[in-house]
Structures are given as structure tokens and as C-alpha cells.
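Descriptive structure summary
Residue strings, one per chain:
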Amino acid sequence: MTIPRIILLGYMGAGKTTVGKALAKALNLQFYDLDWYIENRMHMTVKQIFDERGEEGFRKIEHNMLHEVAEFEDVVISCGGGTPCFFDNIDYMNQQGETVYLKATPDVLYGHLKMGRTVRPLLLNKTPDEVKDFVSRQLAEREPFYTKAKHVIDVSLMDNYEKIAITVDNV
Ligand code: S3P
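Every value quoted in this text rests on a predicted model; they were computed, and no experiment measured them.

Looking at the sheet that holds strand β1 (residues 5-9)
The five strands lie next to each other as β2-β3-β1-β4-β5, forming an open sheet whose pairing is parallel. Each having just a single partner strand, β2 (30-33) and β5 (151-154) make up the two edges of the open sheet. Strand-to-strand, the axes of this sheet are offset by a mean angle of 20°, without reference to chain direction. As judged from the four bridges shared by β1 and strand β3 (residues 75-78), these two strands associate in the parallel manner. Directly across from arginine 5, in β3, lies its bridge partner valine 75. Here helix α7 (residues 161-170) sits on the sheet in contact with β1, β4 (98-103) and β5, set at roughly 140° to β4.

Quick word on the packing of aromatic side chains
Going through the model one piece at a time under the given rule, you end up with six aromatic pairs. Ring plane angle 45° and centroid distance 5.0 Å describe the contact between tyrosine 32 and phenylalanine 72, whose orientation is recorded as tilted. On the criterion of sequence distance, the pair formed by tyrosine 32 in strand β2 and phenylalanine 72 in the loop between α3 (46-69) and β3 is long-range, its members being 40 residues apart. Ring geometry for tyrosine 101 against tyrosine 146: centres 5.0 Å apart, planes inclined by 40°, an arrangement best described as tilted. Highlighted residues: tyrosine 101 in strand β4 and tyrosine 146 in helix α6 (residues 128-146), separated in sequence by 45 residues. On the basis of relative accessible area, tyrosine 101 is assigned to the buried category, the value being 0%. Taking the ring centre of phenylalanine 134 as reference, the NZ or CZ of lysine 126 above it sits at 4.5 Å.

About the criteria used
Residues numbered from 1 in each chain as written. Predicted model: local features only at pLDDT ≥ 70, side-chain atom pairs only at ≥ 80, totals over all residues. Heavy atoms only, no water. Pairing = 2+ DSSP bridges. Helix = DSSP H or I, 4+ residues; strand = E, 2+ residues; numbered from the N terminus. Axes fitted to C-alpha atoms, helices over the stretch in contact; angles between N-to-C directions. Contact = heavy atoms within 4.5 Å. Phe/Tyr/Trp six-rings, centres within 6.5 Å; stacked < 30°, edge-to-face > 60°. Buried < 20%, exposed > 50% of the residue type's maximum accessible area, 1.4 Å probe, protein only. Lys NZ or Arg CZ within 6 Å of the ring centre and 35° of its normal.

Shown next, in the form of C-alpha cells:
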């Protein structure tokens, strides 16, 4: 890869943060998770931002912060699940780096989300069945944005995040 900036995208639960960390370590690059960057810069959690400013407010902040992080060099950046789907973010991401879509089926995503401890405002106050439906529907809506990434890796059958990181490194 010639550009020292790798940008991981994909739906919630695809493993962007875990893969990003492993990849950054393997390539000796700095790792940035966009949600964590937002939380540090805003001194608020993602949930607090959703609560106080709504999703619209969050998307504006996310857009601005993406433009800060994606200027850094020698980095692996993992974005939020919605990042590529608002404003012109996906085009900007493609312009700034090697974008990689970590693609997974709704069932796999749901399985990861069920196990995870991250608070995800979009999934709160839903029954397990509602979450399943929501994930399938929203994934279908978001796929046209995700598939604009320069590289697509199907992670559904990969159980080991280190393996995924190696695959990303080889694209
Ligand atoms: C979101 C995904 C989250 C976070 C926010 C909204 C989304 O990031 O940015 O809760 O719209 O898909 P992860 O994909 O890291 O969970």
C-alpha cells in the first residue's frame, strides 16, 4: 500500500476497532477509532452526544472529526458504522486513503452485537427481534455506501481478527 492511511468501514459489530488495532500494530502505524476520537475531543460519550444533540448533531460532529483524523498520516482509522453514509464522507474517505469495507452478514453482525459491551444509541430500547430486523434493514440501506470502498473483505467466515488484519494488509 502506498498511502500510509488505511480507513476501515462497515456496519456496527463488523470488528472495525479490533481489526484496526491489530492491523496498526502489525504495520507499526498509529491507530485511531473515530468514535473514541470524537469522545476525547468533545469530552462527551457518543451516547451523550446523541442524547443532547440528536443523531443529526452527532453526524455533523462526526463529519468534522473525520476531516481532522483523515488528515493524519501513517494511521489506521476505524470509522463508525454510519460514517460513510452521511454528507460526502465516503468520497472523502476514498480520496484520503485505502478504504476497506469489512463485510458481514446480518446474522454475524447480530451475533457480535449481542456479545459486545459498547453502548450503541441506535440499538437501545429494542427487543432482540427488533434489533435483528433493524440490523438487516439498515445494513441493506447502507450497503450502497459501504460498497464504494476501494476494497471489500468478507469477514463473515473469519473467526480470528488477526487473520482479518493480515487479509486487509494484503489487499
Ligand atoms: C453508529 C455506529 C457507532 C457509533 C454510533 C452510530 C452507526 O460506531 O458511531 O453509535 O450509525 O452505525 P460502531 O460502528 O463502532 O459501533
